[in-house]
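Architecture at a glance
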Amino acid sequence: MDARLFKPFILLILLISYSCKSELKKGTFVYQLKQLKPIEGIEVLKSDESMIAVSGPYQGRVFTSSSKGLNGRSYGYFNAGLIENNKHSTNIAYLGGESRVWFAPEFGNYSIFFDANVEQIDENMRAPHDLSNVKFKEKTRTEHSITYVGDMNIKNNHNYTFSIGLERKISILNGNQIENSLGINLDQISYVGFSAETTMTNIGNEQWNKETGLLSLWELGCMNTSSDNRVIIPLTRQTDSITEYFTKITIDRMQIKDGVVFYKADALGLNKIGTLPQFTKNVMGSYSKENNLLNIVTFNFENNGVYVNSLPENKAPYAGDVINIFNGNVDVSLNQNWPFYEFESSSSAKELAPKQSIFHSQTTYHFEGDFDVLNEISNKVLGVNLNDIPEF
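Residues numbered from 1 in each chain as written. Predicted model: local features only at pLDDT ≥ 70, side-chain atom pairs only at ≥ 80, totals over all residues. Heavy atoms only, no water.

**Quick look at the packing of aromatic side chains**
Under the defined criterion, the tally for this structure stands at 15 aromatic pairs. Where Phe-162 meets Trp-208, the ring centres are 4.9 Å apart and the plane angle is 85°; that geometry is what we call edge-to-face. Of this pair, Phe-162 sits in strand E7 (residues 161–172) while Trp-208 is found in the loop between strand E8 (189–202) and strand E9 (216–223), placing the two residues 46 residues apart along the sequence. For the pair shown, Phe-162 and Trp-208 are each scored as buried. Chaining the aromatic ring pairs together yields one cluster made of Tyr-77, Tyr-245, Phe-246, Phe-326, Trp-338 and Phe-340. Lying over the aromatic face of Tyr-245, Lys-272 brings its terminal NZ or CZ to 5.0 Å of the ring centre. (Phe/Tyr/Trp six-rings, centres within 6.5 Å; stacked < 30°, edge-to-face > 60°. Helix = DSSP H or I, 4+ residues; strand = E, 2+ residues; numbered from the N terminus. Buried < 20%, exposed > 50% of the residue type's maximum accessible area, 1.4 Å probe, protein only. Lys NZ or Arg CZ within 6 Å of the ring centre and 35° of its normal.)

Given below as structure tokens:
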């Protein structure tokens, strides 16, 4: 094997050695990497100072990332409590992480998170068995990417079982790739970018159809946040038709201005929003002045596709969102412990014949630096001047 392929393993050994000798600062990449030591297959991919912590067995999951090496800010959130309590290997679905594979619909007539003839309330909700238990295997790797594969059976509440084969490629991007992809300049700024490319194949013997339900890929990314963090979603046109989940979204949590959604993603109030295909562009982001941090997320998007509906009690199972933003909350009295927000994007759903596939990719970028540089990137990629973010 090419010697360069051992680099992630060697780096992990160095990180563990480093963490044993140093007092680690909470919130840094190396601090969270130490928390991840019990995770099977955890390793680090790097490009200069850009780093991502990924596990193949845990379904090709990117747990977190850094733009400034070991001591840089750790951007991703994961459920360290499950790891500390040794409950991670059979609760994979609930581990979080900055990039993980998921499936939809969550609620509704063809839900995969509720059994048949069961009321769709929180007390009855459960992740599909294989989403919490199946571990992936490595297929191929290069110096900056690893591809993993795994098979799952996912049953919906019509008792229809989807037999699927999954292939997931995780890649860390270098500076030139980021500049070329976004059309920006990275001078005088720290950065990290990575992509997750997932292919889902029907490995069963039957064609999927709308009458028994369809399945889509759903990419979820849990992010650490701050009180001043605001999500930015450019729309194709001005609209008030933003999907609202859990609670009514008030003006102190979301505003729509000149065709852009500004949403408070501070982990201080449980709610969630979504955008329908006709209003969706293939980009979203967030900005924190406090942290000098701009995040950008892009994804592939078929604006003429069918999108499954995960809105509770919906009457239109194939009229769902493309983008979702989940905002968490911490409230012990309500048994809520979600100190993060999520960037989410969904693939279209298709009536796949055996051996046919759905492909979905999502790329995540983090930029830290002076305001003027971040503002230039925001104007270029999001079409938004950061000075125009409403005060709310």
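**Topic: the pattern of salt bridges**
Summed over the entire model, instances satisfying the criterion amount to 13 salt bridges. Residues Glu-244 and Lys-248 are paired through a salt bridge, measuring 3.6 Å at the closest nitrogen-oxygen approach. For Lys-248, a relative accessible area of 65% translates into the label exposed. The shortest N-O distance in the salt bridge between Asp-266 and Arg-253 comes to 2.5 Å. One end of the pair, Asp-266, is in the loop between strand E13 (260–264) and strand E14 (271–275); the other, Arg-253, is in the loop between strand E11 (243–245) and strand E12 (254–257), and 13 residues separate them in sequence. The exposure class of Asp-266 is buried, given its relative accessible area of 8%. The exposure class of Arg-253 is buried, given its relative accessible area of 11%. Several salt bridges share partner residues, and in doing so they unite Glu-43, Glu-138 and Arg-141 into one network. (Salt bridge = Lys/Arg side-chain N within 4 Å of Asp/Glu carboxyl O.)

**A word on the sheet that holds E12**
Reading across from one edge, E5-E6-E7-E8-E21-E16-E15-E10-E13-E12 is the order of the 10 strands in this open sheet, with antiparallel pairing throughout. Of all the strands in the sheet, the pair left with one neighbour each is strand E5 (137–141) and E12. Direction aside, the axes of adjacent strands within the sheet are offset by 20° on average. Relative to strand E21 (residues 357–369), strand E16 (residues 293–299) runs antiparallel, the two sharing 7 bridges. (Pairing = 2+ DSSP bridges. Axes fitted to C-alpha atoms, helices over the stretch in contact; angles between N-to-C directions.)

**Focus on the pairing of E8**
Counting buried positions along E8 gives 12 out of 14 residues, so the element sits mostly inside the fold. Bridge analysis of E7 against E8 gives 9 bridges, and the strand direction is antiparallel. By the bridge assignment for E8, Gly-165 is matched with Thr-201.

**Quick notes on the sheet that holds strand E2 (residues 50–55)**
Taken together, the 3 strands give an open sheet; going across it, the order is E1-E2-E3, and neighbouring strands pair in antiparallel fashion. This sheet does not close on itself; its edge strands, each paired only once, are strand E1 (42–47) and strand E3 (61–66). In this sheet, adjacent strand axes meet at a mean angle of 25° when their direction is disregarded. With 6 bridges connecting them, E1 and E2 associate as antiparallel partners. For Ile-42, the partnering residue across the bridge sits in E2 and is Ser-55.

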